[in-house]
Amino acid sequence: MAAAFADLPLALFSTLAPMGAGAFLILAILFSTTKLEDDGVAAIDKCTVIPVALVIVGFIAAFFHLASPFHAFAAFTGLGTSPLSNEVLMGCVFVASMLVYWIWAMSGKMTLGVRKGLIWVVAVLGLAFAWFTGMAYMIDTIPSWNTLAGPVQIVGFALVGGAAAAVLVLALAKRADVLKNATLKTAVLAVLAVGIVLGVGGLIAQAATTSAMGNAVFAGADLVSGAMMVIVCGIICLVGTGVCDVFAVRGAGAGTLVGVSFGAAVLAIVGILLLRLAFYAMQLSVGLSIMGA
Amino acid sequence: MTQYAFYFNGKRCTGCKTCELACKDRYDLTPEISYRKVFEYGGGDWTKDADGFYVPDVFTYYVSVACNHCDDPACTKVCPTGAMHKDADGGLVLVDADRCIGCGYCHMACPYNAPKVDREKGHTVKCDGCAERVAAGQKPICVEACPLRALDFGTKEEMEQAHGDSQVADIAPLPQKEYTHPNLYVDPCKHAQMANEATGKVANILEVM
Ligand code: SF4
Ligand code: SF4
């Protein structure tokens, strides 16, 4: 398990960026279903800096993982063949759409019609980016990663983490009232639940298949048992996110809302990060690839 | 097209690691990086026979491996920049240091543990088959250093001719050859296990990281 910490920058990237991306789904549902006054919209736009920052910090972490970040423009060369090139392209398209949306929205010149269209584009691209991030680990010489359970996990984390980030945006924007709106409440709860099921379910499915594998260096079962405590803590954190956010949308008064939704977002970051580290710890090659080495 | 290949004779190798060190010396490698590695592979058990005697079937053997300049390299397939590429002339798999971003994807994908990101140099490094020496008509330094003459290098045809009994590497602890089609011919020692029915473990992990 200790060797997985060598991949900390990548684990941070695959935690923060998809989480920020997922928040746009809840915002898209919000703007398509709820009527808001102008100052409410402006406050939400301002607080949208949170998911934007999560995405940007995630990308900066990935940048630090590279030994030569200044050659990064070359990373598109493998488009179509290298899953990493595909991910980088998808990531850039998503980030560009997100920045266009956010800067335009902040300028105060975006009509409601444009907003409703553009934010769905951002949300869909964000989820596609999360999926491609997971696909980048599907390498046929690493059978423990070469499973759709990988992308499913990251999309799940994007949903649960994104819902937590979006609830925090609304709490900081002092829009407790919209959170109590029936459609949005249902949407937040559904996205949280689906996210936890996909994220945790995907990881457990992957751990189960990894336990049955082995190579000349590691037994898969040893990798899984080495990561078990981390997996359990990660799952507890994500369930904690769910519980806090259920409280945020159902009962929390204006006074406790910010605290509860902040707690949910922090638990989401910690929980997803732990489960990402567990994912890295379950790297099992068909041959001699030795992680962190 | 010419395709260069390595040859390894498991019947001769004693696991002395001269090949590994000659390479480290030639390329001035740090303790963390080795282009060639010697894996110690062992396993076995004790079983009770009909007369009540305990009979051991323990074994250990060595396999010296660098990059195998594979025909279907896992590393080039995943490389996002094209830095990891197969040279058209001799089929050697080489790193273009000016393109490499040091993402380490090739390191993850290669099942022979060959490429490694050198953060100080800012790019991936690995065995290039001593391309310079080969161009000058010499053999790679590891081949010439081996005191047991357990290694050889040349075109695929030369290796097939000179080492008629050898087969494309398919022994443990290496992966099954189908994954990358390595250009490594092996004369297995008598205890060698096929990659798909291996029961042992690498015994010197810290040495080959
Ligand atoms: S041994 Fe590894 S690094 Fe060398 S060509 Fe094959 S896959 Fe690539
Ligand atoms: S580290 Fe360099 S050679 Fe290896 S996959 Fe990344 S860009 Fe390609």
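Our subject is the structure listed above.
In this text, all values refer to a predicted model and were calculated from it rather than measured experimentally. (Residues numbered from 1 in each chain as written. Chains lettered and ligands numbered in written order. Predicted model: local features only at pLDDT ≥ 70, side-chain atom pairs only at ≥ 80, totals over all residues. Heavy atoms only, no water.)

Caption draft 1: Representation of the nonpolar core within the structure. Counting residues in hydrophobic clusters, the biggest one holds 101 residues, and the most contacted among them are F24, L30, F31, I44, F94 and Y101 of chain A. The dominant element in this core, judged by the number of residues it contributes, is helix 1 (residues 8–33) of chain A, at 16 residues. When neighbours within four sequence positions are excluded, I44 of chain A is seen to be in contact with L27, L30, F31, L36, V169, L170, A173 and R175 of chain A. By size, the runner-up hydrophobic cluster in this structure holds 54 residues, among which are C23, L94, C100 and V134 of chain B. (Core = buried A, V, L, I, M, F, W, Y, C linked by side-chain atoms within 4.5 Å. Buried < 20%, exposed > 50% of the residue type's maximum accessible area, 1.4 Å probe, protein only. Helix = DSSP H or I, 4+ residues; strand = E, 2+ residues; numbered from the N terminus. Contact = heavy atoms within 4.5 Å.)

Caption draft 2: View of the interface of chain A and chain B. In this assembly, 38 residues from chain A lie in contact with 39 residues from chain B. The junction of chain A with chain B conceals about 2,900 Å² of combined surface from both sides, 62% of it contributed by carbon and sulfur atoms. For the interface between chain A and chain B, the tally reads zero salt bridges. The interface formed by chain A and chain B contains 21 residue pairs in polar contact (both at pLDDT 80 or more). The set of elements that each furnish at least two residues to the side of chain A that touches chain B consists of helix 3 (49–65) and helix 4 (83–107) of chain A. Top element by residues in the side of chain A that touches chain B is helix 4 of chain A. It accounts for three residues. (Buried area = accessible area lost by both parts, 1.4 Å probe. Salt bridge = Lys/Arg side-chain N within 4 Å of Asp/Glu carboxyl O. Polar contact = N/O pair within 3.5 Å; in protein donor to acceptor, adjacent residues only side chain to side chain.)

Caption draft 3: Quick peek at unusual backbone geometry. All names here are of chain B. Look at the link from A172 to P173: it is a cis peptide, with omega at 5°. Position of P173 relative to the elements: it lies in the loop between strand 11 (167–168) and strand 12 (184–187). Of note in this structure, N113 is not a glycine but carries a positive phi near 60°. Its place among the elements puts N113 in the loop between helix 3 (105–109) and strand 8 (116–118). A residue is classified by how much of its surface remains accessible, and N113, at 3% relative accessible area, is buried.

Caption draft 4: Structural detail: the site of ligand 1. Near ligand 1, the surroundings consist of 13 residues, among which C67, N68, C70, C75 and C110 of chain B are the closest. A per-class count over the shell around ligand 1 returns 10 nonpolar, two polar and one charged. (Near = heavy atom within 4 Å. Nonpolar A, V, L, I, M, F, W, Y, C, P; charged D, E, K, R; others polar.)

Caption draft 5: Geometry of a nonpolar patch on the surface. All names here are of chain A. A cluster of nonpolar side chains, namely F76, L79, L89 and V93, defines an oily patch on the protein surface of about 290 Å² accessible area. Among the secondary structure elements, V93 is positioned in helix 4. Accessibility expressed as a relative area gives 38% for V93, which makes it partly exposed. (Patch = residues over 30% accessible without salt bridge, like charges linked within 9 Å, V, L, I, M, F, W, Y side chains within 5 Å. Areas by Shrake-Rupley, 256 points an atom, 1.4 Å probe, with all protein chains shown as cover.)

Caption draft 6: The arrangement of the state of the cysteines in detail. All names here are of chain B. One pass over the full model with this rule turns up zero disulfides over all chains. Sulfur of C127: no disulfide; nearest cysteine sulfur belongs to C67 and is 5.6 Å away. We classify C127 as buried; its relative accessible area is 9%. (Disulfide = S-S within 2.5 Å.)

Caption draft 7: Representation of the packing of aromatic side chains in the model. Counted according to the given criterion, the structure contains 18 aromatic pairs over all chains. Here the aromatic rings of Y41 of chain B and F59 of chain B are separated by 6.0 Å at their centres, their planes lie at 50°, and the arrangement is tilted. Linking Y41 of chain B in strand 2 (residues 37–43) with F59 of chain B in strand 5 (residues 59–65), this pair joins segments that are 18 residues apart in sequence. By relative accessible area, which is 0% here, Y41 of chain B ends up buried. These aromatic residues form a ring-pair network of at least three members: F13, F59, F94 and F129 of chain A. Here the guanidinium or amino end of R276 of chain A rests over the ring plane of Y137 of chain A, the centre of that ring lying 5.3 Å away. (Phe/Tyr/Trp six-rings, centres within 6.5 Å; stacked < 30°, edge-to-face > 60°. Lys NZ or Arg CZ within 6 Å of the ring centre and 35° of its normal.)

Caption draft 8: Main features of the pattern of salt bridges. Taken as a whole, this structure holds 10 salt bridges over all chains when the rule is applied. Of the charged contacts, one joins D187 of chain B and K11 of chain B as a salt bridge, the two residues approaching to 3.8 Å between their closest N and O atoms. With D187 of chain B in strand 12 and K11 of chain B in the loop between strand 1 (4–9) and helix 1 (18–26), this residue pair connects regions lying 176 residues apart in the sequence. With a relative accessible area of 10%, D187 of chain B lands in the buried category. Residues K77 of chain B and D72 of chain B are paired through a salt bridge, measuring 3.7 Å at the closest nitrogen-oxygen approach. For K77 of chain B, a relative accessible area of 35% puts it in the partly exposed group. Put simply, E37, R175 and D177 of chain A are held in one network by salt bridges that share partners.

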